[in-house]
Amino acid sequence: MHILYGIATTGNGHISRSKIIINALKKRGHSIDVILSGREEKNLFDIDELKPYQIKKGFTFSNNKGRISYIKTVLKSNLLEFLNDVKSVKNVYDLVITDFDPISAYAAKKYNIPCMGIGHQYSFYEDIPMTNKMRFSSMFFPKIYAPVTFSIPFHFHHFNQPILPPFIDPILHDRRDKEKIGDDVLVYLPWENLNDMIAILEKVSRDFIFYTDVEHIKEIENITLKPFSNKNFKYDLLRCRCLITNAGFQLTSEALFLGKPILCKPQKGQPEQEHNAKILDDLGYATVSQEINAATIKDWLHSSNNIKIDFSNPIDVIVDIIENREKDFSNEINRLWQIEKIY
C-alpha cells in the first residue's frame, strides 16, 4: 500500500512510537510518506529515519508556566494555513494513518481515503473510566481534532475493551535487565520553567539527569542537564533509579515496563494528562502530584514502590490490523494482555 502517515510532534511519544511502526510497515513492503506537524523543524530531533517527510505547522498548544493556554493557542493558530496544508496533500494514497495529526486526518476526509488513528487518544472512543473533563473533551479530542474511520487504541489497562497494551520501544525490550541500575533520578518536564526546576532539585540530596532545551551537557550542582535525544534518553531511562515527569502516556508506560518508580505532575489544563494521572493513581502505578517541589520529591523518594509490568509487544498485531482492517483481532488482543505485574 501507499500510505500517508501523519504524526503530531507536540509530544515525543508520538514520534518514538511512529518510527517503529513505520519501519515495520516498510519491511512489509509498504511505501510510506510522512507528515510531521505541531513543532518547528529546529526543535525536532532523531527524525532522519522518517524520510521522506514534510513538516507542517498544524496546531501547537501554547504553554504558560506549566499550564496549557487555550487563548494563546487560538491566537497563534492559522486556520487558513491549516486548510492550505490539507489542500497540499495529494490524492494518491491507499490509506492514511494518523498519530493524532489533524492535517493527514482531514486530507483523508477530503479525499474519502480510509483513515486509521493509532495512539492513546483513540482509547477515548471506548467505554473506559474517564474524568468528567476528559469525557467532555473527548467529544472534540479526537473526534473533531483528528477524526478517523478506524482506530488502534492503547492504554495502561484494557478495561474489558478492544484496547492494546502500551507500545514499548524495542530498545527497552532488548536492554531491560541488562543495564546496570544507578541511583540517578531522571527528569523530563518539558512544560516547566527550567530555572524554577533547577532551584527545586538543588534542595534534594540526590543526583538528577534533566533532559531539557540545552545545546550541550551542563553540570549544575547535583544536576546534569542534557539536550533532547531519543536514543540517549532511552539509555538513561534504562539505567536510572526512578523518574519524574508529566503524565504523558508513552513515557510513563515505558517506565512501568522497566519497573521505575514514577512521580508525575499532569500538565494543567491538559485533559488527557489529567485523565492519565487519575488512571495511574487509581491503578496504583504512580505517585501523582499537582505540584513538584522539594518536599514532594523527598516524600516520594522515601515512600515510592517499584511496579514492573511485562507489557507484551503489540507491533505484529498492529501491522496485521493495518493490513487487514476488516478482520476481528479480539483473540490476538486478549492474548497481548496475558501479562505479569510484578511489585
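The preceding data block contains the structure.
Just so it is clear, the model here is predicted, and its values are computed rather than measured. (Residues numbered from 1 in each chain as written. Predicted model: local features only at pLDDT ≥ 70, side-chain atom pairs only at ≥ 80, totals over all residues. Heavy atoms only, no water.)

A. Molecular detail of the overall build of the protein chain. For the protein chain, the count of helices and strands is 13 helices and 17 strands. Relative to the 2.2 N^0.38 estimate, which gives 20 Å for 343 residues, the radius of gyration of the protein chain is 20 Å and therefore close to what a compact globule would have. Counting every position in the protein chain, which comprises 343 residues, the buried fraction comes to 53%. Residue pairs at least 24 apart in sequence account for 64% of intrachain contacts in the protein chain once pairs closer than 6 positions are excluded. Looking at the protein chain as shown, the accessible area adds up to about 16,000 Å², and 48% of this sits on carbon and sulfur atoms. Across the protein chain, the centroid of the 43 positively charged side chains sits 2 Å from that of the 43 negatively charged ones. (Helix = DSSP H or I, 4+ residues; strand = E, 2+ residues; numbered from the N terminus. Rg over C-alpha atoms; globule rule 2.2 N^0.38 Å. Buried < 20%, exposed > 50% of the residue type's maximum accessible area, 1.4 Å probe, protein only. Contact = heavy atoms within 4.5 Å. Areas by Shrake-Rupley, 256 points an atom, 1.4 Å probe, with all protein chains shown as cover. Lys, Arg positive; Asp, Glu negative; His and termini not counted. Charge placed at Lys NZ, Arg CZ, Asp CG, Glu CD.)

B. Focus on the pattern of salt bridges. Counted under the stated rule, the structure contains 18 salt bridges. One salt bridge connects Glu49 with Lys19, and the closest N-O pair in it is separated by 3.9 Å. Of this pair, Glu49 sits in the loop between strand 2 (31–37) and strand 3 (53–56) while Lys19 is found in helix 1 (residues 12–27), placing the two residues 30 residues apart along the sequence. Accessibility expressed as a relative area gives 42% for Glu49, which makes it partly exposed. Judged by its relative accessible area of 7%, Lys19 is buried. Linked through salt bridges whose partners overlap, the residues forming this network are Arg176, Asp177, Lys308 and Asp310. (Salt bridge = Lys/Arg side-chain N within 4 Å of Asp/Glu carboxyl O.)

C. Just the packing of helix 3 (residues 79–88) against helix 4 (residues 102–111), in detail. The interhelical angle for the contact between helix 3 and helix 4, taken along N-to-C directions, is 60°, at an axis separation of 8 Å. With respect to their mutual orientation, helix 3 and helix 4 come out oblique. Crossing of helix 3 over helix 4 shows right-handed handedness. Where helix 3 abuts helix 4, its residues Phe82, Asp85, Val86 and Lys87 lie against Pro102, Ile103, Tyr106, Ala107, Lys110 and Tyr111. Of the residues belonging to the contact of helix 3 with helix 4, the class tally is seven nonpolar, no polar and three charged. (Axes fitted to C-alpha atoms, helices over the stretch in contact; angles between N-to-C directions. Parallel < 35°, antiparallel > 145°, perpendicular 65-115°, else oblique. Left-handed = near helix turned anticlockwise from the far one by under 90°. Nonpolar A, V, L, I, M, F, W, Y, C, P; charged D, E, K, R; others polar.)

D. Layout of the pairing of strand 1 (residues 2–8). Counting buried residues in strand 1 gives six out of seven residues, a clear majority hidden from the surface. Where strand 1 lies against strand 2, seven bridges are found, and the strand directions are parallel. Bridged to Tyr5 within strand 2 is Val34. Of the pairings in the sheet, the one linking strand 1 to strand 6 (residues 95–99) comprises five bridges and is parallel in character. Paired with Leu4 across the two strands is Val96, which belongs to strand 6. (Pairing = 2+ DSSP bridges.)

E. Highlighting the nonpolar core. Core analysis: the largest hydrophobic core is formed by 68 residues, its most contacted members being Tyr5, Ile118 and Ile322. Ignoring anything within four residues of it in the chain, the contact list for Ile322 reads Met1, Ile21, Leu25, Leu95, Ile97, Met116, Ile118 and Ile152. (Core = buried A, V, L, I, M, F, W, Y, C linked by side-chain atoms within 4.5 Å.)

F. Summary view of the sheet that holds strand 15 (residues 287–288). The seven strands lie next to each other as 11-12-10-9-13-14-15, forming an open sheet whose pairing is mixed. Strands with a single pairing partner mark the edges of an open sheet, and in this sheet they are strand 11 (218–220) and strand 15. Against the sheet, helix 7 (residues 194–201) touches strand 9 (185–188), strand 10 (208–212), strand 11 and strand 12 (223–227), its axis set at about 175° to strand 10.

G. Spatial organisation of the layout of surface pockets. Estimated volume of the second largest pocket: approximately 360 Å³. What lines the second largest pocket is a set of 21 residues, among which Lys19, Ile20, Asn23, Asp169 and Pro170 lie closest to the centre. When contributions to the lining of the second largest pocket are tallied by element, the ones reaching two or more residues are helix 1, helix 6 (170–175), helix 8 (230–239) and helix 12 (315–323). Among the elements that line the lining of the second largest pocket, the one with the most residues is helix 1, at six residues. (1 Å grid on protein atoms, 1.4 Å probe; cavity = no way out; pocket = protein on both sides within 12 Å on 5 of 7 lines; lining within 4 Å. Points joined across faces, edges and corners; volume = space filled by probe spheres on them.)

H. Structural detail: helix 7. Regarding helix 7, the residues found buried are Met197, Ile198, Ile200 and Leu201. Projection of helix 7 onto a plane perpendicular to its axis shows the buried side chains occupying an angular sector of 160°, all on one side. Buried residues belonging to helix 7 abut strand 9, strand 10, strand 11, strand 12 and helix 11 (294–303). Two or three places before Asn195, at the start of helix 7, stands the capping residue Asn193, its side-chain oxygen 3.1 Å from that residue's backbone nitrogen. (Arc of directions from axis to C-beta. Polar contact = N/O pair within 3.5 Å; in protein donor to acceptor, adjacent residues only side chain to side chain.)

I. Representation of the packing of aromatic side chains within the structure. Within the structure shown, the criterion is met by eight aromatic pairs. Measuring from ring centre to ring centre gives 6.3 Å for Phe100 and Tyr122, while their planes differ by 80°; the resulting arrangement is edge-to-face. One end of the pair, Phe100, is in the loop between strand 6 and helix 4; the other, Tyr122, is in the loop between strand 7 (115–119) and helix 5 (132–137), with 22 residues separating them in the sequence. Overall, Tyr122 belongs to the buried group, its relative accessible area being 0%. Considering the side-chain rings of Phe100 and Tyr145, the 5.0 Å spacing of their centres and the 45° angle between planes classify their relative orientation as tilted. Here Phe100, found in the loop between strand 6 and helix 4, pairs with Tyr145, found in the loop between helix 5 and strand 8 (150–153); they are 45 residues apart in sequence, far enough to count as distant. (Phe/Tyr/Trp six-rings, centres within 6.5 Å; stacked < 30°, edge-to-face > 60°.)

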